[in-house]
Amino acid sequence: MLRPAPTWRALLAWTTQRVEDRQVAHWMCEHASGRTSSELDASLDEPSHGHAAGQLASMVDRYADGEPLQYVLGAWGFRSLDLAVDGRALIPRPETELLVDVCLELLSDRLPTRDVDPLTIVDLGTGTGAIGLALASELPIDGVTVWLSDVSAEALALATANLSGIGRHARNVRVAPAGSWFEPFDAAAQFDLVVANPPYVPRRDPALEPIVRKWEPHVALYGGADGLDHFRSIVAAAPARLRPGGRLVMEIGSGQGERVRALMLDAGLASPEVRLDLGGHERIALAELT
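Residues numbered from 1 in each chain as written. Predicted model: local features only at pLDDT ≥ 70, side-chain atom pairs only at ≥ 80, totals over all residues. Heavy atoms only, no water.

Thoughts on the pairing of strand S9 (residues 282–288)
Operational definition: Buried, partly exposed and exposed residues are distinguished by accessible area as a fraction of the type maximum, computed with a 1.4 Å probe on protein chains only: under 20%, between the cut-offs, and over 50%, respectively. Numbering goes from the N terminus for both helices and strands, where a helix is a DSSP run of H or I of at least four residues and a strand is a run of E of at least two. Whether two strands pair comes down to DSSP finding at least two bridges between them.
Of all the seven residues making up S9, six are buried; the element is thus mostly covered by neighbouring parts of the structure. Across five bridges, the pairing between strand S7 (residues 242–251) and S9 is antiparallel. Paired with Arg 247 across the strands is Glu 288, a residue of S9. Across five bridges, strand S8 (residues 270–276) lies against S9 in antiparallel orientation.

So this is what it looks like as structure tokens:
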């Protein structure tokens with residue numbers, strides 16, 4: 001005689017005991033059940049479906065092995081988006097949401113109207129697509145084009161899979177062929193906004209968390225001996241890629257602000273600025289082509 005399937009309450013209790021964190025256990029049960037948090041809470045005494053226990057056990061084992069929770073769940077939130085997340089790209093982080101805030105602020109007086117040319121934006125090194133898709137979803141649906149580019153074809157496949165999450169605004173998004181920074185674009189292509197979260201971790205940085213070093217893609221982490229190699233490439237090419245009045249906005253590492261600001265000045269960009277995150281760390285560098 002077949003044993004009855006365990007209830008979600010029983011699975012939640014078992015998972016909580018294994019991972020020693022009820023919130024993490026709840027997220028895992030949400031994923032396994034395909035239900036939202038409130039839907040799961042309302043159905044705790046219902047029997048689970050056939051494969052739920054096995055799926056949960058696999059997730060718990062991966063988490064116990066040290067795999068980041070976001071990869072175990074296969075999804076993570078970024079602003080209003082629910083993004084597919086896996087080892088093909090970096091995990092979207094809360095501080096990167098500030099990068100989107102700055103971009104929206106800078107574009108607020110340039111939103112397309114009948115008298116203004118359409119906006120063209122590129123998210124360089126898009127990874128999951130978090131930055132570019134957030135911008136596309138929060139900007140007007142008319143008169144905006146957002147390009148996603150990445151050196152990794154696998155990351156671009158992940159970003160493309162996340163396109164459906166922004167609904168009708170997905171019509172404004174274009175995915176470039178895989179290539180380094182501006183390489184995928186025609187030599188004459190120019191943009192109103194170039195935004196990037198490039199690899200900026202120094203190659204031998206002892207402060208990098210072991211879980212990040214082990215699980216997240218190194219191509220998206222390391223920026224050479226001093227962490228600035230990719231900033232040098234992007235900033236040097238930016239003046240030719242920005243339209244007059246266009247902006248370059250990049251996430252940077254703490255302590256890199258003055259050096260990135262100097263790169264921007266040397267490239268002929270105007271009004272270079274470094275902004276801090278909520279923790280008081282240097283986080284965003286921006287400049288303008290006049």
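Here the narrative resumes.
A short note on helix H11 (residues 257–266)
This is how it is decided: Along the arc lie the directions from the helix axis toward the C-beta atoms. Between two residues, a contact is recorded if the distance between any of their heavy atoms is within 4.5 Å.
Turning to H11, its buried residues number three or more, namely Gly 257, Val 260 and Met 264. Viewed end-on, H11 has its buried residues packed into an arc of 75°, placing them on one side of the element. In H11, those exposed residues whose orientation departs by more than 90 degrees from the buried face are Glu 258 and Asp 266. On its buried face, H11 sits against helix H10 (229–241), S7, S8 and S9. Positive backbone phi, at 90°, marks Gly 268, one or two positions downstream of H11.

Some thoughts on the pattern of salt bridges
Let me state the cut-off plainly: Any Lys or Arg side-chain nitrogen located within 4 Å of an Asp or Glu carboxyl oxygen qualifies as a salt bridge.
Applying the stated rule across the entire model yields 17 salt bridges. When the shortest N-O distance is used, the salt bridge between Arg 35 and Glu 46 registers 3.5 Å. Of this pair, Arg 35 sits in the loop between helix H2 (22–33) and helix H3 (37–42) while Glu 46 sits in the loop between H3 and helix H4 (52–64), placing them 11 residues apart in sequence. For Arg 35, a relative accessible area of 27% corresponds to the partly exposed category. Using a relative accessible area of 38% as the deciding quantity, one classes Glu 46 as partly exposed. As a salt-bridge pair, Asp 101 and Arg 79 come within 2.9 Å of each other at their nearest N and O atoms. Of this pair, Asp 101 sits in helix H6 (residues 94–107) while Arg 79 sits in the loop between strand S1 (75–78) and strand S2 (81–84), placing them 22 residues apart in sequence.

Structural notes on the packing of helix H1 (residues 8–19) against H2
Threshold: Angles here are taken between N-to-C directions and fall from 0 to 180 degrees, while the axes themselves are lines fitted to C-alpha atoms, restricted in helices to the stretch in contact. Should an angle fall under 35 degrees it is taken as roughly parallel, and over 145 as roughly antiparallel, whereas 65 to 115 is taken as roughly perpendicular and any remaining angle as oblique. Definitions for this section: a left-handed crossing has its near helix turned counterclockwise from the far helix by less than a right angle. A right-handed crossing has that turn clockwise.
Running from N to C, H1 and H2 point in directions that differ by 135°, and their axes come no closer than 8 Å. Accordingly, the angle class assigned to the pair H1 and H2 is oblique. The way H1 lies across H2 gives a crossing that is right-handed. Between H1 and H2, the residues in contact are Trp 8, Leu 11, Leu 12, Thr 15, Thr 16 and Val 19 and Arg 22, Val 24, Ala 25, His 26, Met 28, Cys 29, Ala 32 and Ser 33, respectively.

Some thoughts on the side chain of Glu 251
As a reminder, the rule being used: Nitrogen and oxygen atoms within 3.5 Å of one another constitute a polar contact, given that in protein one can donate a hydrogen and the other can accept it, and given that sequence-neighbouring residues count only through two side-chain atoms.
Structurally, Glu 251 can be placed in strand S7. By relative accessible area, which is 3% here, Glu 251 ends up buried. A polar contact of 2.7 Å, which involves the side chain of Glu 251, links it to the side chain of Thr 96. Looking at Glu 251, its side chain comes within polar contact range of the side chain of Tyr 200, at 2.8 Å. Apart from residues no more than four positions distant in its own chain, Glu 251 is found in contact with Glu 95, Thr 96, Leu 99, Ala 196, Asn 197, Pro 198, Tyr 200, Phe 231 and Arg 283.

Comments concerning the packing of aromatic side chains
Geometry of an aromatic ring pair is reported as the spacing of the ring centres plus the angle between the planes. Under the convention used in this document: Two aromatic rings from Phe, Tyr or Trp, using only the six-membered ring of Trp, form a pair when their centres are within 6.5 Å; if the ring planes differ by under 30 degrees the pair is stacked, by over 60 it is edge-to-face, and anything between is tilted.
In the structure shown here, the tally under the stated rule is four aromatic pairs. Note on Phe 185 and Phe 191: the rings are 5.2 Å apart at their centroids and 80° apart in plane angle, and the pair reads as edge-to-face. A network of ring pairs unites the aromatic residues Trp 147, Phe 185 and Phe 191 as a single cluster.

Some words on the packing of H6 against helix H7 (residues 130–138)
This is how it is decided: Under the scheme applied, nonpolar residues are Ala, Val, Leu, Ile, Met, Phe, Trp, Tyr, Cys and Pro; charged residues are Asp, Glu, Lys and Arg; polar residues are all the others, including Gly.
At a minimum axis distance of 10 Å, the contact between H6 and H7 shows a crossing angle of 40°. By the angle between their directions, the pair H6 and H7 is classed as oblique. For H6 against H7, the interelement crossing comes out right-handed. Counted together, Thr 96, Leu 99, Val 100, Cys 103 and Leu 104 of H6 and Ile 131, Ala 134, Leu 135 and Glu 138 of H7 form the full contact between these two elements. Per-class residue counts for the contact of H6 with H7 are seven nonpolar, one polar and one charged.

Examining the side chain of Thr 96
Along the chain, the position of Thr 96 falls in helix H6. Here Thr 96 falls in the buried class, since its relative accessible area comes to 7%.

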